[in-house]
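Architecture and fold: a report
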Amino acid sequence: MRNIFFALLLLTGNAVLGSDSLQVSLSASKLIKGDTLEFACIIPDYKALQLPNATLNVWIEDIAKTKRWKYRYPIINGEVQASLLVSDKIPDGRYAVTYLVQRGFLKMYGEVMEHNKKDTAITYMMITKNKKGTYFDNARVATDGSFRLKSTLFADSAFFIFSPAVKSKNNYLNIHIETPLDSFFIPVLQQTTFITVGNLNMLPSNQTDTTRYTFTIDPYEDSSFLPNVTVTATIKSKLQQYDEEYSRGAFQNNDAIVFDGLGKDDIARSSGILVFLQGKIPGMTIEKDADGIDIAKWRNEIAEIYLDEFRVDNISQTFIAPTDVAMIKVYRPPAYLSSFNGGAGAIAIYTKKGAYASNGNNRHSFIVKGYTNIESRWE
């Protein structure tokens with residue numbers, strides 16, 4: 001279906017902007033909320049430009065330059081097609097859509113800080129957002145502590161956890177990572193076009209006039225992105241503050257049983273996370289599966305495990321040292337935190353991060369932004 005759409009765009013002359021290097025086609029330039037913005041990009045001479053694998057960044061910005069939305073997609077053999085559903089959260093107005101091409105796919109590089117050459121390899125686990133299953137692999141560590149992970153295409157975001165190759169009770173690794181696509185943003189091709197959302201008759205000219213618009217890569221200050229400041233008469237505990245900052249959506253369920261890893265040390269002193277929970281939750285039992293791995297069950301149903309709200313296999317929780325745990329939330333059945341859940345219970349493990357990580361807490365887990373789903377929402 002998408003190939004047909006792409007061919008129709010080219011045949012019907014809907015390519016709104018093009019050059020010898022980059023051709024961009026849109027399904028429509030005038031949209032209303034609920035419409036879908038479909039676009040296709042092609043690099044005609046991608047071989048000569050040495051762009052067999054590339055990344056397309058689609059940045060949408062309102063003309064008044066008060067807000068910007070960013071999406072990115074892999075370009076394979078010079079082509080990519082995608083769509084964005086215009087949500088009802090998008091205000092009426094004129095928007096600039098800029099297409100920026102970067103060389104290569106998403107890559108990750110890292111460094112073991114304060115490397116003393118005892119770790120010639122490290123183990124890492126990748127958990128993709130809201131997907132079942134996890135990916136394990138090893139990375140070779142150079143004598144200067146640097147390493148590189150295999151190129152991996154994943155949608156939305158992924159949670160990476162690093163641990164010593166040789167099992168250790170405490171994860172002593174202190175890791176620094178970077179993704180060149182984000183750290184060194186250098187586009188090799190660029191095009192900008194304009195679209196309209198809704199009725200423009202009632203809007204001021206600074207929200208509709210495109211003649212003075214100029215695209216800049218440099219970020220700008222935007223008050224709409226600043227965190228809200230809330231003044232209350234009650235001093236909230238560290239756990240309450242953490243919960244408000246890092247719990248989202250269904251995980252904000254007030255019926256959860258919450259265990260504190262910030263103000264108390266009983267989780268940190270335990271030999272394992274499930275071992276800590278054993279006997280504390282009525283109806284929940286801890287058993288071993290065929291591989292000898294601890295699993296949690298309610299009424300013979302295996303409980304789901306979430307790590308920083310990423311769904312993981314039960315084996316994944318062994319990567320997290322109890323000293324790294326900020327909070328554990330336990331949801332009795334039926335939890336219904338994801339589409340994979342059949343009504344079983346769930347355990348959500350949250351790690352220490354940001355201001356809640358102590359100065360001596362080494363960093364070895366990261367959330368990395370991946371590619372946008374081919375069919376996504378603009379909101």
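Residues numbered from 1 in each chain as written. Predicted model: local features only at pLDDT ≥ 70, side-chain atom pairs only at ≥ 80, totals over all residues. Heavy atoms only, no water.

This part covers the overall build of the chain. Check the secondary structure of the chain and you find 4 helices and 25 strands. Per-residue burial over the chain gives 45% buried out of 379 residues. A total accessible area of about 20,100 Å² is found for the chain, and carbon and sulfur atoms account for 50% of it. (Helix = DSSP H or I, 4+ residues; strand = E, 2+ residues; numbered from the N terminus. Buried < 20%, exposed > 50% of the residue type's maximum accessible area, 1.4 Å probe, protein only. Areas by Shrake-Rupley, 256 points an atom, 1.4 Å probe, with all protein chains shown as cover.)

Further remarks concern the pattern of salt bridges. One pass over the full model with this rule turns up 11 salt bridges. For aspartate 294, the salt bridge is made with lysine 288, and the minimal N-O distance between the two is 2.8 Å. With its nearest N and O atoms 3.0 Å apart, the salt bridge here joins lysine 353 to aspartate 308. With lysine 353 in the loop between β23 (346-351) and β24 (365-369) and aspartate 308 in the loop between β20 (304-307) and β21 (310-312), this residue pair connects regions lying 45 residues apart in the sequence. (Salt bridge = Lys/Arg side-chain N within 4 Å of Asp/Glu carboxyl O.)

Looking now at the side chain of threonine 123. Positionally, threonine 123 belongs in strand β10 (residues 121-128). Classification of threonine 123 as buried rests on a relative accessible area of 15%. At a separation of 2.9 Å, a polar atom in the side chain of threonine 123 contacts the side chain of asparagine 138. For threonine 123, the residues in contact, after removing those within four places along its chain, are Asp137, Asn138, Ile161, Phe162, Ser163, Pro164, Ala165 and Phe319. (Polar contact = N/O pair within 3.5 Å; in protein donor to acceptor, adjacent residues only side chain to side chain. Contact = heavy atoms within 4.5 Å.)

We now examine the packing of aromatic side chains. In this structure the tally under the stated criterion is 22 aromatic pairs. Centroid distance phenylalanine 162 to phenylalanine 366: 6.1 Å. Interplanar angle 75°. Geometry classified as edge-to-face. Linking phenylalanine 162 in strand β13 (residues 157-164) with phenylalanine 366 in strand β24, this pair joins segments that are 204 residues apart in sequence. Accessibility classification places phenylalanine 162 together with phenylalanine 366 in one group, the buried group. Through pairs of rings, three or more aromatic residues link up here, namely Tyr124, Tyr135, Phe147, Phe154, Phe160, Phe162 and Phe366. Over the ring of tryptophan 59 we find lysine 70; its NZ or CZ atom is 4.2 Å from the centre of that ring. Cation over ring: lysine 353 sits above tyrosine 246, and NZ or CZ is 4.5 Å from the ring centre. (Phe/Tyr/Trp six-rings, centres within 6.5 Å; stacked < 30°, edge-to-face > 60°. Lys NZ or Arg CZ within 6 Å of the ring centre and 35° of its normal.)

What follows deals with the sheet that holds β24. As summarised here, the arrangement of the 4 strands in space is β11-β10-β13-β24, forming an open sheet in which the pairing is antiparallel. For this open sheet the edge positions go to β11 (135-140) and β24, each flanked by a neighbour on one side alone. Neighbour-to-neighbour, the strand axes of the sheet open up by a mean angle of 30°, direction not taken into account. In terms of strand pairing, β13 meets β24 through 5 bridges, oriented antiparallel. (Pairing = 2+ DSSP bridges. Axes fitted to C-alpha atoms, helices over the stretch in contact; angles between N-to-C directions.)

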